[in-house]
Amino acid sequence: MRSIFVLIDGVRADVLYGMLNEKSLPNIRKHIVERGVIVRDAVTVFPSTTGPAHAPFLTGAFPGPLNMPGIRWFDRKRNNYQNYGPLAWLQFERDYVGPGAFAMNTDMSGKIPTIFERLKDSTTAAIFEPITRGAKFIYPPLANVMAKIFGPLRAFTWEHVDALAARTLELVYRCSALVKWMKIPSEPPVFSAVYMPGVDEASHEHGPLSENTRHAIKNVDKQIGHIAKTLIDLDLYDETSIVISSDHGLRPTSLHFDLSKFLTTVGLDVRTFPVTFLQGLGEFDATVAVSGNGMAHIYLAKEGAEDIAYPFQYIKHDWSKKPSLGDLENYRIRKGHVNMIDLVSQLLPIEQVFASENKATSHVFSCNGHGVVKRKGRNDYSYDVVRGEDPLGYAALVEEGKIAYGEWLNDREWLSATCKTEFPDAPVQIAQIFESSRSGDLVLNSRSGWDLMPEIPPHKGSHGGLHAAEMKVPLLVANSNYQAKPDQPLRTLDVFDILLS
Ligand SMILES: [Zn+2]
């Protein structure tokens, strides 16, 4: 079965499903819903952000094992930049916001094949999608650049980008045999990934529940209509499966906490993204990498901050060494020592702080509680509260008998038990992110309403964290051999199997 995967960036499940119920998305209703299944509880991955959250659809793996734990990250294993010279930043840190996006294909673990690599004997196409490893035909998102430049003038908007993505697919299908020199395949692709960024842009600028966002979703609906018409005209409609999903939802945001600035005031030299030229010159005690603006990795030098501060003296940390949990609880800053975990988890804008003790054990801290996630074998997880209130708020589930603290469940059981809570699938998601050596010593989920980095203009929607608003995504499967059921919870990783079925 041929398949087309349409990734609508940043569309919330409740918003899209609500609009379907209101009958304001006629094309998605006709071509997808009436020929398929709406999965009620589909969750994305942590971090719920563009880039790392694209990869599960196209590889079937979590961002942790793929070693892509954020839209921005720092690689402490590659040690410090002074050994690399002026191009150091290409080696040990990444910012996928901008041209860094082209590095995703090589950053992702080569051991895990992409869907394009799995289908290497067939024609495949990646349209505006940044993850393209193994794709036969790649259409890079140049339209995004136009939207960035002409967006403020409203001459070329993000909705035009989504329309252009659909038109490119149409061109690829309709003109297959015509113009080889234009890099058009000679037969319609067996698999195409089509990326539409418009909804995410509207959500950040105007809020995920805004009229502008609904307008952008209606525009996507129109594009689905065009894609369906192309398939009907070419007599491919009945032999093509169409899957629609999203990499994350968004939560409305009105408050912006400058996490990097805060750590500077504590007495640390902080390197933060986007890295400026001046920052690139000095050493640093800490690196802050914010994703989707609702989650962040904090990387801390094992030795802590020296008493004499930059710029009068260069400090050279050995970044290949990682501070232990004990080091973090008694961490050297300029004027003494501080418990970094307490310091950060007590901040109002922070919902939870995650830290890894070893391969099998991760910790969850909130302002008034401490939980522990353990992993056994390949696929069993337990979660227990060791102090205060449950930082994941699962007490109600325990009361209902759905889970018990300290009990071992497999990943499917965790997903089913927790998919309707404020932090769906959290134990599994926390365990997987720490599989990446590029994850921070502290990983933060911000409180609802807050994000961790100011932007101009201020964002009205954020994501990256573990809240239901950002983790729950729509998943619609039309005309597939895969027996998806509406009431069976799925992860976006499972879409990989759906697309290959
Ligand atoms: Zn996104």
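Values in this document were obtained by computation on a predicted structure and should not be read as measured data.

**Student:** Any chance you could explain the nonpolar core here in plain terms?
**Tutor:** For soluble globular proteins, nonpolar side chains are generally found buried alongside one another. F5, V6, I127, A165, V194, A296 and L444 are the most contacted members of the largest nonpolar core, which has 135 residues in total. Examining the composition of this core, we find that eight residues originate from one element, helix α9 (residues 158–174), more than from any other. Summarising the domain contributions, this core has at least three residues from each of domain 1 (2–66 + 108–250 + 470–476 + 488–500) and domain 2 (255–461). Ignoring any residue separated from it by four or fewer positions in sequence, one finds F5 in contact with F57, A193, V194, V243 and L499.

**Student:** Even after reading the chapter, I still don't get the domain arrangement of the protein chain, so can you show me in this structure?
**Tutor:** Interface size, as often reported, equals the accessible area lost upon joining of the parts. Annotation of the protein chain at the domain level lists domain 1 (2–66 + 108–250 + 470–476 + 488–500) and domain 2 (255–461). If you average the C-alpha positions of domain 1 and of domain 2, the two centres end up 31 Å apart. Every contact between the two is made by 24 residues of domain 1 and, on the other side, 19 residues of domain 2. Secondary-structure elements contributing two or more residues to the side of domain 1 that touches domain 2 are α4 (63–66), α10 (198–206) and α19 (468–471). Examining the composition of the side of domain 1 that touches domain 2, we find that four residues originate from one element, α10, more than from any other. Grouping the constituent residues of the side of domain 1 that touches domain 2 by class yields eleven nonpolar, eight polar and five charged.

**Student:** When you look at unusual backbone geometry in this model, what are you seeing that I'm missing?
**Tutor:** Of the consecutive residues F46 and P47, the connecting peptide bond is found in the cis state with omega at 5°. Along the chain, P47 falls in the loop between β3 (42–43) and α3 (55–59). Here the amide bond leading from I456 into P457 is cis, since omega sits at -10°, within 30 degrees of zero. Relative to the helices and strands, P457 resides in the loop between β22 (449–451) and β23 (461–462). With a phi close to 65°, K23 is a non-glycine residue in the positive phi region. Within the secondary structure layout, K23 lies in the loop between α1 (13–21) and α2 (26–31). Within the chain, N293 stands out as a residue other than glycine whose phi angle is a positive 70°.

**Student:** I would appreciate a short explanation of α9 in the present structure.
**Tutor:** For an α-helix the count is 3.6 residues per turn, leaving residues at separations of three or four pointing the same way. For α9, spanning 17 residues, the distance from its first C-alpha to its last is 24 Å, which sits close to the expected 24 Å at 1.5 Å a residue. Taken residue by residue, α9 has W158, E159, V161, D162, L164, A165, A166, L169, V172 and Y173 as its buried positions. Of the surrounding elements, those touching the buried residues of α9 are β6 (124–127), β7 (137–139), α8 (142–150), β8 (191–196), α10 and α11 (211–233).

**Student:** Would you mind showing me how to read the sheet that holds strand β9 (residues 240–245) here?
**Tutor:** As a general point, the strands of a sheet are linked pairwise by backbone hydrogen bonds and lie either parallel or antiparallel. Strand order in the open sheet made by the seven strands is β2-β25-β9-β1-β8-β6-β7, with mixed pairing throughout. At either margin of the open sheet sits one strand with a lone partner, and together these are β2 (36–38) and β7. Across this sheet, the average inter-strand angle for adjacent strands is 10°, counted without regard to direction. The pairing of β6 with β8 spans four bridges and is parallel.

**Student:** Looking at this structure, I do not really get the pairing of β8. What am I missing?
**Tutor:** The two faces of the sheet receive side chains in turn, since in a regular strand these alternate between them. Most of β8 is tucked away, with six of its six residues classed as buried. Two strands pair when backbone bridges link them, and strand β1 (residues 2–8) and β8 are joined in this way by six bridges, in the parallel orientation. Bridging from a neighbouring strand, S3 pairs with F191 of β8.

**Student:** What should I look at first to understand the sheet that holds strand β13 (residues 295–300) in this one?
**Tutor:** Strand order in the open sheet made by the nine strands is β11-β12-β13-β21-β16-β17-β18-β19-β20, with mixed pairing throughout. With partners counted over all chains shown, the strands left at the sheet margins are β11 (270–272) and β20 (409–410), one partner each. With three bridges joining them, β11 and strand β12 (residues 286–291) adopt parallel strand pairing. Across the sheet, the residue bridging to T272 is V288, located in β12. Contacts from helix α12 (residues 259–266) reach β11, β12 and β13, with the element oriented near 160° to β12.

**Student:** Help me understand the pairing of β1 in this model?
**Tutor:** Burial runs high along β1: six of the seven residues are buried. Where β1 meets β9, six bridges bridge the pair, whose relative direction is parallel. Of the residues in β9, the one forming a bridge with L7 is S245.

**Student:** Honestly, α12 in this entry has me stumped. Any pointers?
**Tutor:** Within α12, the full set of buried residues consists of L259, S260 and L263. Summarising the axial view, the buried residues of α12 lie within an arc of 100°, below the 170-degree limit, and thus occupy one face. Taken together, the buried residues of α12 touch β11, β12 and β13.

Thresholds, definitions, all that
- Note that residues are indexed from 1 along each chain, following the sequence as it is written.
- Since the coordinates come from a predicted model, pLDDT governs what is reported: local features require at least 70, and pairs of side-chain atoms require 80 or more to be given and counted, while whole-chain, interface and lining totals use all residues.
- For this entry, the nonpolar core is defined as buried Ala, Val, Leu, Ile, Met, Phe, Trp, Tyr and Cys residues connected by C-beta atoms within 7 Å.
- For the exposure call, what matters is how many other C-beta atoms sit within 10 Å of a residue's own: 20 or more marks it buried, 12 or fewer exposed, and in between partly exposed, using C-beta atoms placed from the backbone.
- By definition, any uninterrupted DSSP run of H or I lasting at least four residues is a helix, any uninterrupted run of E lasting at least two residues is a strand, and each is numbered from the N terminus.
- Marked domain ranges trace back to an automatic or database domain assignment.
- We call two residues in contact when the distance between their C-beta atoms, placed using the backbone, is within 7 Å.
- Nonpolar residues are Ala, Val, Leu, Ile, Met, Phe, Trp, Tyr, Cys and Pro. Charged residues are Asp, Glu, Lys and Arg, and all others, Gly as well, are polar.
- One fewer than the residue count of a helix, multiplied by 1.5 Å, yields its expected span.
- In this analysis, strands are considered paired if DSSP registers two or more bridges between them.
- The convention used is that axes are lines fitted to C-alpha atoms, helices contributing only their stretch in contact, and that angles between N-to-C directions extend from 0 to 180 degrees.
- The directions from the helix axis to the C-beta atoms are what the arc is built from.

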